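Survey of secondary and tertiary structure
As a plain string of letters, each chain reads:
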Amino acid sequence: MRGGTSRGPFFLSDWLPSDPAERDRALLAAMGSPHELQIDGLGGGNSLTSKVAIVSRSHLPDCDVDYLFAQVSVERAKVDVSPNCGNMLAAVGPFAIERGLVRARRDGTTRVRIFNINTRSRIDAIIDTPSGCVRYDGDVSIDGVPGTAAPILLSFLDVWGSVTGRVFPTGQRSEIIDGVDVSCVDAAQVMVLIRSACLGLTAAERPEALDGDTELSTRLERIRLEAGRRMGLGDVSQGVLPKPVLVAPGPRAGTVLSRYFTPHRCHRSHAATGAIGVAAMSVLPGTVISAAPSCPGTHHVAVLHPAGKIDVQVEATQQHGQLNLQSASLVRTARKILEGTLFLPD
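From a predicted model like this one, the values you see are computed outputs, not experimental measurements.

The next subject is the sheet that holds strand β18 (residues 334-335). Spatially, three strands are ordered β2-β1-β18 in an open sheet, and the strand pairing comes out antiparallel. Of all strands in the sheet, those with a lone pairing partner are β2 (6-7) and β18, marking the two edges. Pairing analysis gives two bridges linking strand β1 (residues 2-3) to β18, with the strands arranged antiparallel. The residue bridging Gly3 from the neighbouring strand is Ala334, located in β18.

Here we take up unusual backbone geometry. The omega angle of the peptide bond from Ser33 to Pro34 is 0°, so this bond is cis rather than trans. Positionally, Pro34 belongs in the loop between α1 (20-31) and β4 (51-57). Each neighbour pair has its own omega, and for Thr262 with Pro263 the value is 15°, a cis peptide bond. Checked against the element boundaries, Pro263 lands in the loop between β14 (255-260) and α6 (272-283). Of note, the phi angle at Ser131 is positive, near 60°, even though the residue is not glycine. The topology assignment puts Ser131 in the loop between β8 (121-130) and β9 (152-156). Its identity is not glycine, yet Ala188 carries a phi of approximately 70°, on the positive side. Examined against the element boundaries, Ala188 turns out to sit in the loop between β11 (180-187) and β12 (189-195).

Bringing the domain arrangement of the chain into the picture now. For the chain, the domain assignment lists domain 1 (2-135) and domain 2 (175-321). Computed over C-alpha atoms only, the centres of domain 1 and domain 2 are separated by 25 Å. At the junction of the two partners, domain 1 supplies 14 residues and domain 2 supplies 14 residues. Run the count over domain 1 and domain 2 and you get zero salt bridges. At the junction of domain 1 with domain 2, the criterion picks out six residue pairs in polar contact (both at pLDDT 80 or more). Split into classes, the residues belonging to the side of domain 1 that touches domain 2 amount to three nonpolar, eight polar and three charged.

Here we come to helix α5 (residues 214-230). Taking 1.5 Å of rise per residue, 17 residues should cover 24 Å, and α5 covers 25 Å from first to last C-alpha, within 8% of that figure. Buried residues of α5: Leu216, Leu220, Glu221, Ile223, Arg224, Ala227 and Gly228, and no others. Down the axis of α5, the smallest arc covering the buried residues is 165°, so these residues share one side. α5 presents Thr214, Glu215 and Arg229 as exposed residues on the side facing more than 90 degrees away from its buried surface. Buried residues along α5 sit in contact with β10 (175-177), β11, β12, α4 (207-211) and β13 (243-249).

Within the structure shown, the criterion is met by two cavities of 30 Å³ or more. Its volume calculated, the largest cavity comes out at about 100 Å³. In terms of lining residues, the largest cavity is bounded by 16 residues, among which Lys51, Gln71, Lys243, Tyr260 and Ala271 are the most central. Looking at the lining of the largest cavity residue by residue, the classes come out as six nonpolar, eight polar and two charged. Mapping the lining of the largest cavity onto the domain boundaries places at least three of its residues in each of domain 1 (2-135) and domain 2 (175-321). There is about 50 Å³ of room inside the second largest cavity.

Applying the stated criterion across every chain, the model contains two aromatic pairs. Ring plane angle 45° and centroid distance 5.6 Å describe the contact between Phe10 and Phe95, whose orientation is recorded as tilted. Residue Phe10 is found in strand β3 (residues 10-12), and its partner Phe95 is found in helix α3 (residues 92-98); the two are separated by 85 residues along the sequence. For the ring pair Trp15 and Phe95, a centre distance of 6.4 Å and an interplane angle of 90° mean the geometry is edge-to-face. Of this pair, Trp15 sits in the loop between β3 and α1 while Phe95 sits in helix α3; the two residues are 80 residues apart in sequence, bridging distant segments of the chain. On the basis of relative accessible area, Phe95 is assigned to the buried category, the value being 6%.

A separate point is the environment of Cys295. Its place among the elements puts Cys295 in the loop between α6 and β15 (297-305). Once residues lying within four places of it in the same chain are set aside, the contact partners of Cys295 are Ala316 and Leu323.

With respect to the secondary-structure elements, Arg332 resides in strand β17 (residues 322-332). For the buried Arg332, which has no salt bridge, the nearest side chain bearing the opposite charge is Asp143, at an N-O separation of 7.3 Å. Separated by 2.9 Å, the side chains of Arg332 and Asn87 make a polar contact.

So, how was this worked out
Residues numbered from 1 in each chain as written. Predicted model: local features only at pLDDT ≥ 70, side-chain atom pairs only at ≥ 80, totals over all residues. Heavy atoms only, no water. Pairing = 2+ DSSP bridges. Helix = DSSP H or I, 4+ residues; strand = E, 2+ residues; numbered from the N terminus. Domains from an automatic or database assignment. Contact = heavy atoms within 4.5 Å. Salt bridge = Lys/Arg side-chain N within 4 Å of Asp/Glu carboxyl O. Polar contact = N/O pair within 3.5 Å; in protein donor to acceptor, adjacent residues only side chain to side chain. Nonpolar A, V, L, I, M, F, W, Y, C, P; charged D, E, K, R; others polar. Expected span 1.5 Å × (residues − 1). Buried < 20%, exposed > 50% of the residue type's maximum accessible area, 1.4 Å probe, protein only. Arc of directions from axis to C-beta. 1 Å grid on protein atoms, 1.4 Å probe; cavity = no way out; pocket = protein on both sides within 12 Å on 5 of 7 lines; lining within 4 Å. Points joined across faces, edges and corners; volume = space filled by probe spheres on them. Phe/Tyr/Trp six-rings, centres within 6.5 Å; stacked < 30°, edge-to-face > 60°. Lys, Arg positive; Asp, Glu negative; His and termini not counted.

Set out below in structure tokens:
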């Protein structure tokens with residue numbers, strides 16, 4: 001299935017080995033990793049097309065399904081289940097309905113309550129289900145995907161500090177790493193937001209130009225490793241968190257320029273969870289991307305990325321004189337591409 005600007009196979013959990021090591025070997029074989037083209041599997045030779053969603057009935061009474069996201073490395077024999085993917089998340093609701101885990105309502109839309117195992121957070125997805133079936137065709141377009149499709153509204157309910165326990169794991173809203181202003185955040189995604197101007201950049205550069213700058217890549221990794229240490233994640237050299245993100249104020253009020261890394265290559269569009277985090281940090285005061293003034297209420301933020309933009313709605317409340325994040329939502333689309341039997345090598 002395609003979910004947002006990502007693509008990959010979706011499995012019910014009992015289709016895969018229960019042992020995590022055996023499961024990961026099966027996923028590597030399914031995607032054709034490690035190989036730069038993933039020529040012997042389903043992968044597309046890019047991190048955006050080397051993703052897996054594993055879905056099951058939820059073990060929680062207030063959720064319908066559990067969703068485990070797996071990032072399968074293209075060039076290494078590695079499967080990482082530490083991050084989340086909000087783009088693949090867009091297809092979890094339709095998949096759950098298609099597989100009979102959730103009964104579709106016949107009055108137009110169905111809410112699927114999703115528990116993300118990776119970040120232990122809850123997301124509500126609203127799916128178009130006329131006549132009790134998932135509708136994929138529609139008139140909504142998202143940047144980075146050709147054509148139009150039916151809208152899927154994702155509402156992130158408790159993704160603030162879900163991995164590290166705090167929105168600002170280091171205890172600071174902004175700090176300096178390697179001479180650069182950064183904000184280390186855990187907001188829908190674990191990221192180190194980097195003020196692009198400190199690196200002589202605008203955050204409007206093309207991904208190919210950023211990927212081709214070896215000096216920049218080395219420095220970003222140096223910043224990422226130190227950020228991971230300060231955030232309590234330990235040695236992150238073999239992991240994908242935190243994600244480095246170049247940010248800058250956008251050309252208009254309510255916009256933010258962002259270049260999101262996965263973490264060693266620049267995303268050709270933008271992670272949905274990353275867009276949630278970037279937008280939320282523009283609402284809170286004191287970060288490297290704060291917009292003034294910050295106030296409670298509904299904030300509409302457009303995160304500008306290489307393929308266009310992602311519109312995010314952030315809800316903030318005031319408690320004891322402090323601005324707190326309540327929820328965030330955005331619209332994605334999804335498409336069912338193939339249903340069938342996948343053959344794995346022995």
